[in-house]
Amino acid sequence: MPTLESALVISNNQVSSHMFEMELAAPQIVPFCEPGQFVHLRVNSLNDPLLRRPLSLYDVDKKRGTITLLYKVVGKGTTSLAQLHADEYVDVMGPLGRPFSYPPAGQWAILVGGGVGIAPLLYLARRLKEKNYPVRVLYGTQSSSELVALDRFRQLGVQTVAATMDGEADYQGLVTDLLYQQLSGQEVEYLYTCGPEPMMAEVAEYARQYGLNGEVSLEEHMACGVGACLGCARKLKDSDEGYVKVCKDGPVFGLYEVELDLAPR
Amino acid sequence: MPNQPLKPDKVDMSVNLGGLQMKNPVCTASGTFGYGSEYIDYFDPALLGAVIVKGTTMEPRAGNPPPRIVETPAGMLNAIGLENPGVEAFISQYMPELRAQGVTVVANIAGNTLEEYGQLAQRLDHVEGIAALELNISCPNVKQGGLQFGTDPDMVYQVVNMVKSNTQLPVIPKLSPNVTDIVAIASAAQEGGADALAMINTLMGMAVDIDRCRPTLANIFGGLSGPAIKPVALRMIYQVYQQVKLPILGGGGIVSVRDALEFMMVGASAVSIGTGIFVDPYLPCQVIDGLQEYAAQHGLASIKELVGAAHQE
Ligand SMILES: Cc1cc2nc3c(=O)[nH]c(=O)nc-3n(C[C@H](O)[C@H](O)[C@H](O)COP(=O)(O)OP(=O)(O)OC[C@H]3O[C@@H](n4cnc5c(N)ncnc54)[C@H](O)[C@@H]3O)c2cc1C
Ligand SMILES: Cc1cc2nc3c(=O)[nH]c(=O)nc-3n(C[C@H](O)[C@H](O)[C@H](O)COP(=O)(O)O)c2cc1C
Ligand code: FES
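Residues numbered from 1 in each chain as written. Chains lettered and ligands numbered in written order. Predicted model: local features only at pLDDT ≥ 70, side-chain atom pairs only at ≥ 80, totals over all residues. Heavy atoms only, no water.

(A) Representation of a nonpolar patch on the surface in the model. Residues M204, M206, V208, I210, I220 and F221 of chain B make up a contiguous nonpolar surface patch of about 620 Å² in total accessible area. The residue M204 of chain B is located in strand β11 (residues 203–206) in this model. (Patch = residues over 30% accessible without salt bridge, like charges linked within 9 Å, V, L, I, M, F, W, Y side chains within 5 Å. Areas by Shrake-Rupley, 256 points an atom, 1.4 Å probe, with all protein chains shown as cover. Salt bridge = Lys/Arg side-chain N within 4 Å of Asp/Glu carboxyl O. Helix = DSSP H or I, 4+ residues; strand = E, 2+ residues; numbered from the N terminus.)

(B) Geometry of helix α6 (residues 257–266) of chain B. Within α6 of chain B, burial applies to D259, A260, L261, F263, M264 and V266 of chain B. The inward-facing, buried residues of α6 of chain B contact α5 (230–243), β15 (248–251), β16 (268–273) and α8 (283–297) of chain B. (Buried < 20%, exposed > 50% of the residue type's maximum accessible area, 1.4 Å probe, protein only. Contact = heavy atoms within 4.5 Å.)

(C) Region of the structure containing the sheet that holds strand β7 (residues 89–96) of chain A. Residues and elements named next belong to chain A. Within the open sheet, the seven strands sit side by side as β4-β3-β7-β1-β2-β6-β5. Their pairing is antiparallel. Two strands close off the open sheet at either side, each with one partner strand: β4 (53–56) and β5 (59–61). Mean inter-strand twist for the sheet, computed between neighbouring axes without regard to direction, equals 35 degrees. Both strand β1 (residues 3–14) and β7 contribute to a ladder of six bridges, which runs antiparallel. Within β7, the residue paired with E5 across the bridge is V92. Across the sheet, helix α2 (residues 119–130) is in contact with β4, β5 and β6 (66–72); its angle to β5 comes to roughly 45 degrees. (Pairing = 2+ DSSP bridges. Axes fitted to C-alpha atoms, helices over the stretch in contact; angles between N-to-C directions.)

(D) The interface of chain A and chain B, seen in detail. Across the contact, 30 residues belong to chain A and 31 residues belong to chain B. Buried surface at the junction of chain A and chain B, both sides included, amounts to about 2,600 Å², of which 63% is carbon and sulfur. At the junction of chain A and chain B, the tally comes to two salt bridges. With a shortest N-O distance of 4.0 Å, R42 of chain A and D280 of chain B are connected by a salt bridge. The interface formed by chain A and chain B holds seven residue pairs in polar contact (both at pLDDT 80 or more) in total. Mapped by element, the contributors of at least two residues to the side of chain A that touches chain B are β1, β7 and β14 (233–235) of chain A. Looking at the side of chain A that touches chain B element by element, the count peaks at three residues for β7 of chain A. Split by residue class, the side of chain A that touches chain B holds 17 nonpolar, seven polar and six charged. (Buried area = accessible area lost by both parts, 1.4 Å probe. Polar contact = N/O pair within 3.5 Å; in protein donor to acceptor, adjacent residues only side chain to side chain. Nonpolar A, V, L, I, M, F, W, Y, C, P; charged D, E, K, R; others polar.)

Have a look at this one:
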C-alpha cells in the first residue's frame, strides 16, 4: 500500500556534473516497492516550488529499509533536492504507479536506458536477476562521465554494454544503434526502455521490425500522482479519444500502447 | 474574542451550508480529489465535511490534449478540459462506492447549454447519496457564442434558476473570479435562487515554453489555482459577504490551517481545499483538526462563530 512518510536522508551525493544519488530511509514505503514505480517528493516544506516531484525507484534495499533515487538537476525542484543533507528529512509519497512486468518464460530481458532514464532499470535488473532471467543492459549517455550507473549494474553481475558519443566506452554512438548491433537473432528479447522519447520511439520501432514485445516508462508533468487530477494525460495509440493517466495507468506502458513523441520536448 | 479556552472536543464543528449539512466545514475541491477513492490510502474521505467530485457533464468528455498542467510561482495552471465519464457513468460507476464509504457527496455539474444544466440537475436529483449540487459556471455557453455563463449576471441568474427548478437539492453556484464585479454576479445568483455560493473557481492565465516558443499548455489558456490566487479569493469573499446574504463555501489557495482561518474570518462558512491536497494529502485532516483547536483555544463553542469575524468593527 502506498503511503506518505517523512524519510531520513542517509546520503545525497553528487555523482556527475548534474546528477545526484540520494538514499532515503523509508521503512514504511520499502515493503511495497516494485521496479518501475515512482515516489512523489515534496522537495521542501516552504511550498516553493509548490508541487511534488516524481522520481523513479533507482534501487531498493529491503533489508536496510532504504530507497535510492538518481536524479538530474534540471530546475527549481531538483536544485532544492540537491541541497538536502544527510540527517535531514524529506516528505515522500509512494510507491506509486504501475510497475514493470516480468518477461514471458525463456525470453531475454533487454534493458535499454538513456541518460537519467537508466534510473528505473537498475532496480528492475536487480529483481530480474533475483528471478534468474537472462538480462542484458544497453546504457547510453552523451559522455562517459555520465555513465553513473555503470558500476552498479556491473556489481549486480548483469551483462552491461555502454554507448557514449565521446567514444570512451564500449561503443561509440547511439544506444539504439548498439541495440541493432547486439541483435543475435537466436534468442527472443523482451525489451524495457526508459530515456528520452525519441530514443524510446526508436526502441519501439526496432521491436516492431523484429516482432518483439516490451515496455516503456514514460514521463509527464504531474500534480497529484495518484490519478485524481487528470493532469498527466497521454494519448493511447490508434485511438481518437481516450487518454491514460501516466501516474496511475503508468508510468510503465506496453511498448505499443501509447504514442511516443519523436521530437524532443 | 476573550473567551475561556475549551477542550477541542467541546467545539461544535458542524455547519449547514444553505441546506447542505456537514460534520465539519472542510471539503475537497472539484477536480482535485477525483471521486473520493484516489486518496483512500492516505485518509478516509468520510472524515471530510464533503467531497466535491470531479465536474460532470451530460456526455462523456475525453478532455484536452497534453500538456494539461504547468507549475507557476506559488500555483499551477490546469486545462484538463473537464475529462469525465458523463453523468450516467458517474452515477453507476462511482456513486455506489461513495455511498458505501459514507461520504457526503456534492456533485459538480457543467453544461454546454442552459438546458443541459437543467437536465443534469434533474438526473442527479433523486440519486441517493448526493447531498448538494455545485454548479461550475465557468463553462462556455455554446449557444451564446462561447461566452462563459459565469461572467454575465443575466446568464448566472438563468442558470441558477434553471437548476433550482429541476432539483430539490441545495444549489451552490461556483463563481468565476474572471469578472469585473463579483458582487453583481453573486447577487444574480441569489436572485436565481441559489442556496449558497462557492468561490472562487480558477483565474484564467497562461504560460509560455520558451524552448518551443509556444504556449506551454496545449489549450493555450488554463485556470490558475494555489496560493497565488488566495488574496483574490479573500477579497472577493469579503466583498460578497458584506452585500449578499448567502452562506459561502470559500477556497482558492488554501495550503494551511491559517489560510482556512482567513477564509472563515472574511466570511466563508466552509472551506474547500484543492491544489493544497497535491502538496500534502493530509492537509484536509490537518485543517479540520487545526480549526477545531483554534476555536477551542479561543473559547468558541461553535466553529460558526468564526464566520465573518474579520468584519467586526
Ligand atoms: C514517473 C516519473 C519518474 C521520473 N523519474 C526520474 C528519475 O528517476 N530521475 C530524474 O532525474 N528525473 C525523473 N523524472 C523527471 C523529474 O520528475 C523531473 O526532472 C523533475 O520533476 C524536474 O523538476 P525541477 O523542478 O527540477 O524542474 P522544472 O523544470 O523547474 O520543473 C517545473 C515543473 O515541471 C515538471 N517537470 C519538469 N520536467 C519534467 C519531466 N521530465 N517529467 C515530469 N515532470 C517534469 C516538474 O515536476 C515541475 O512540476 C521522472 C518523471 C516521472 C513522471
Ligand atoms: C486539476 C484541477 C482540476 C479542476 N477541475 C475542476 C472541475 O472539474 N470543476 C470545477 O468546478 N472546478 C475545478 N477545479 C477548480 C478547483 O475546484 C478549485 O476551485 C480551484 O482549484 C481553486 O482552489 P485551490 O487553489 O484550492 O485549488 C479544478 C482545479 C484543478 C487544479
Ligand atoms: S498526476 Fe494527477 S492524475 Fe496523474
